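What the coordinates show
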Amino acid sequence: MNISYNDIKMEGVVANPYAIVIHGYEANQYYTPVIHNNIINQTNARGIDLDAIDWFLGMKGGLIYNNYIDTKQGCLIDNYGGDKHPPSCGTHSLRIRGSDNYYFAGKNLSNSYGENSNNWIYNNTIIMRQGELLSDGSLSGFGYALRFRVLDYNQSLNLTFENNTFISITNSTFDGQPENDLQAASVYTDGILPGNNIIFRNNKFVSNFRPLWVAGSDIKFIDNTIERFGVVNSYYTSIMVGYWIFQSTGNLFLNQSFVNSPGFSSLVYRDTDGGNIKNITVKWYLDVNVASGGVPVSGASVEVRDLFNSLVFSGTTDASGFIKTNLIQYTEICNMQGCTPSKTNYTPHSLYVEKQGYKSETNSLIINSSKTLNIQLQSSSSEVNAF
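Just so it is clear, the structure is predicted and the values come from calculations on it, not from any experiment. (Residues numbered from 1 in each chain as written. Predicted model: local features only at pLDDT ≥ 70, side-chain atom pairs only at ≥ 80, totals over all residues. Heavy atoms only, no water.)

1. Some words on unusual backbone geometry
- The residue after Thr-347, namely Pro-348, is reached through a cis peptide bond having omega 15°.
- One can find Pro-348 in the loop between strand 30 (342–345) and strand 31 (349–354).
- Look at Asn-123: it is not a glycine, yet its phi comes out positive at around 60°.
- Its location among the elements puts Asn-123 in the loop between strand 10 (119–122) and strand 11 (125–130). (Helix = DSSP H or I, 4+ residues; strand = E, 2+ residues; numbered from the N terminus.)

Printed below as a string of structure tokens:
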């Protein structure tokens, strides 16, 4: 299935209209779509939905790339009013959902749901403009450029999001509590359970409210950039961790960059029902170049020990005298409602370089960003002259 080079424009009049929907349902058939080079401009409508919920099987091995999705959200008939007080106006530009077995535990639906797995989402620009079409300040809701949900312990998913730009902007003035206003998150990982292989690499998360909301476990964020957009309200947080009944554990941030944003200092942990555990690990790259007299030294032994003198890396330099690793700056855990996070620092680190015929070299370094270390080894003569 190939969906490509379309120009899709939609103006919704009822809730939940999508430009593209993939439900791999018929004859237990998983779809393997390639969705690329589409331009989607939506008014009161959503972008792309990859759905493996409600007995749908979803897609495996799919590619989504080079798409441009721009959604402007108001509040549609099914969202507005009813039993919601105040009305809820939530939406998203790209939604990916896996099984809801966890949510429906005990309802004998364990074999009724599919999955979205082995998919690669890359080089897309995905924009959500929350509340742009509204003038009613009493409305509330959440707008996501990406909402990603997998709720099944039995799945082992491999999904990679790479080189995308996710933008989510709210026009709310936030006169009261954020829950009563129109909120926006560029990426919301909703209930990703442990054991799935989810990677976000080299993406840009842009928002004037919340660039990244992590409500799930074992997600790897590698080489991404968080950017604060425009005039920022007082409720801005670069990253929020945790939501509802889900644990948010084992999440990794490696070489995270921040633009016009206070960085990890504005990360907050959201209270969850039952006070489920939430934790993160922050790591950075270390590049080491070893030379002597301007000549690269290959085969040099490099070891790194952390603050607790634990060996955390060992290896040898390549033909160009180079070796690369990544090291933990700190871990942080929040294990109860309203907790004060507990941080464990692993730096400064000690680096040891050795090679036969050279004097050993020791360096102490603080790992709080990605760094390059240039080591110059001095030759040591083992010759004994006899007269």
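2. Quick word on the packing of aromatic side chains
- Using the criterion set out here, one finds 16 aromatic pairs in the structure.
- Taking the centre distance of 6.2 Å and the plane angle of 70° together, the rings of Phe-200 and Phe-205 count as edge-to-face. For the residue pair Phe-200 and Phe-205, the accessibility class agrees, reading buried in each case.
- Centre to centre, the rings of Phe-221 and Phe-253 are 5.0 Å apart; their planes meet at 10°, and the pair counts as stacked. (Phe/Tyr/Trp six-rings, centres within 6.5 Å; stacked < 30°, edge-to-face > 60°. Buried < 20%, exposed > 50% of the residue type's maximum accessible area, 1.4 Å probe, protein only.)

3. A look at the pattern of salt bridges
- Per the stated rule, a full pass over the model turns up six salt bridges.
- A salt bridge links Arg-147 to Asp-190; the nearest nitrogen and oxygen atoms lie 2.6 Å apart. Note that Arg-147 is positioned in strand 12 (residues 141–149) and Asp-190 in strand 15 (residues 182–192), a separation of 43 residues in sequence.
- Look at Arg-147 and you get partly exposed, because its relative accessible area is 23%.
- Across the pair Arg-201 and Glu-162 runs a salt bridge, and its minimum N-O distance is 3.9 Å. Placement of the pair is Arg-201 in strand 16 (residues 197–201) and Glu-162 in strand 13 (residues 158–162), with a sequence separation of 39 residues.
- With a relative accessible area of 27%, Arg-201 lands in the partly exposed category. (Salt bridge = Lys/Arg side-chain N within 4 Å of Asp/Glu carboxyl O.)

4. Re the pairing of strand 28 (residues 311–316)
- Relative to strand 28, strand 27 (residues 301–305) is paired through five bridges, and the arrangement is antiparallel. The residue of strand 28 that forms the bridge with Ser-301 is Thr-316.
- As consecutive antiparallel partners, strand 27 and strand 28 are separated by five residues, and within that stretch Asn-309 has a phi angle of approximately 65°, a positive value. (Pairing = 2+ DSSP bridges.)

5. A short note on the nonpolar core
- Core analysis: the biggest nonpolar cluster contains 61 residues, and Phe-161 and Leu-351 have the highest contact counts within it.
- Examining the composition of this core, we find that six residues originate from one element, strand 25 (residues 278–292), more than from any other.
- When sequence neighbours within four positions are dropped, the list of residues in contact with Phe-161 reads Ile-96, Ile-121, Leu-146, Phe-148, Phe-166, Ile-198, Ile-199, Phe-200, Arg-201 and Asn-203.
- Counting nine residues, the second-largest nonpolar core is a separate cluster that includes Phe-142, Ala-184, Phe-209 and Ala-215. (Core = buried A, V, L, I, M, F, W, Y, C linked by side-chain atoms within 4.5 Å. Contact = heavy atoms within 4.5 Å.)

6. Focus: the pairing of strand 29 (residues 322–334)
- Direction of pairing for strand 25 relative to strand 29: antiparallel, over a ladder of twelve bridges. Bridge pairing in strand 29 places Asn-279 opposite Ile-333.
- The sheet contact formed by strand 29 and strand 30 spans four bridges and is antiparallel. The residue of strand 30 that forms the bridge with Tyr-330 is Asn-345.

7. Here's the deal with the side chain of Asn-255
- Among the secondary structure elements, Asn-255 is positioned in the loop between strand 22 (248–254) and strand 23 (257–259).
- A polar side-chain atom of Asn-255 sits 3.0 Å from a polar atom in the side chain of Asp-223.
- Dropping the residues within four chain positions of it, Asn-255 is found in contact with Asp-223, Asn-224, Lys-283, Trp-284, Tyr-285 and Ser-370. (Polar contact = N/O pair within 3.5 Å; in protein donor to acceptor, adjacent residues only side chain to side chain.)

8. Section: the environment of Arg-270
- Relative to the elements of secondary structure, Arg-270 occurs in the loop between strand 24 (268–269) and strand 25.
- Considering only alpha carbons, one finds Arg-270 and Trp-213, 57 residues apart in sequence, at a separation of 9.8 Å.

9. Some details on the sheet that holds strand 3 (residues 18–22)
- Taken in spatial order, the eight strands line up as 3-6-9-12-15-18-21-24 in an open sheet, and their pairing is parallel. Whereas interior strands pair on both sides, the edge strands pair on one side only; in this sheet they are strand 3 and strand 24.
- By the bridge criterion, eight bridges tie strand 12 to strand 15 in an arrangement that is parallel. What sits directly across from Leu-146, in strand 15, is Val-187.

10. Describing the sheet that holds strand 11
- Read from one edge to the other, the open sheet built from eight strands follows the order 2-5-8-11-14-17-20-23, with strand pairing classed as parallel. Edge positions in the sheet fall to strand 2 (7–11) and strand 23, since each has one partner strand and no second. Each adjacent strand pair in this sheet contributes to an overall mean axis angle of 10°, direction not counted.
- Two strands pair when backbone bridges link them, and strand 8 (residues 68–73) and strand 11 are joined in this way by six bridges, in the parallel orientation. Pairing of Thr-71 across the sheet is with Met-128, part of strand 11. (Axes fitted to C-alpha atoms, helices over the stretch in contact; angles between N-to-C directions.)

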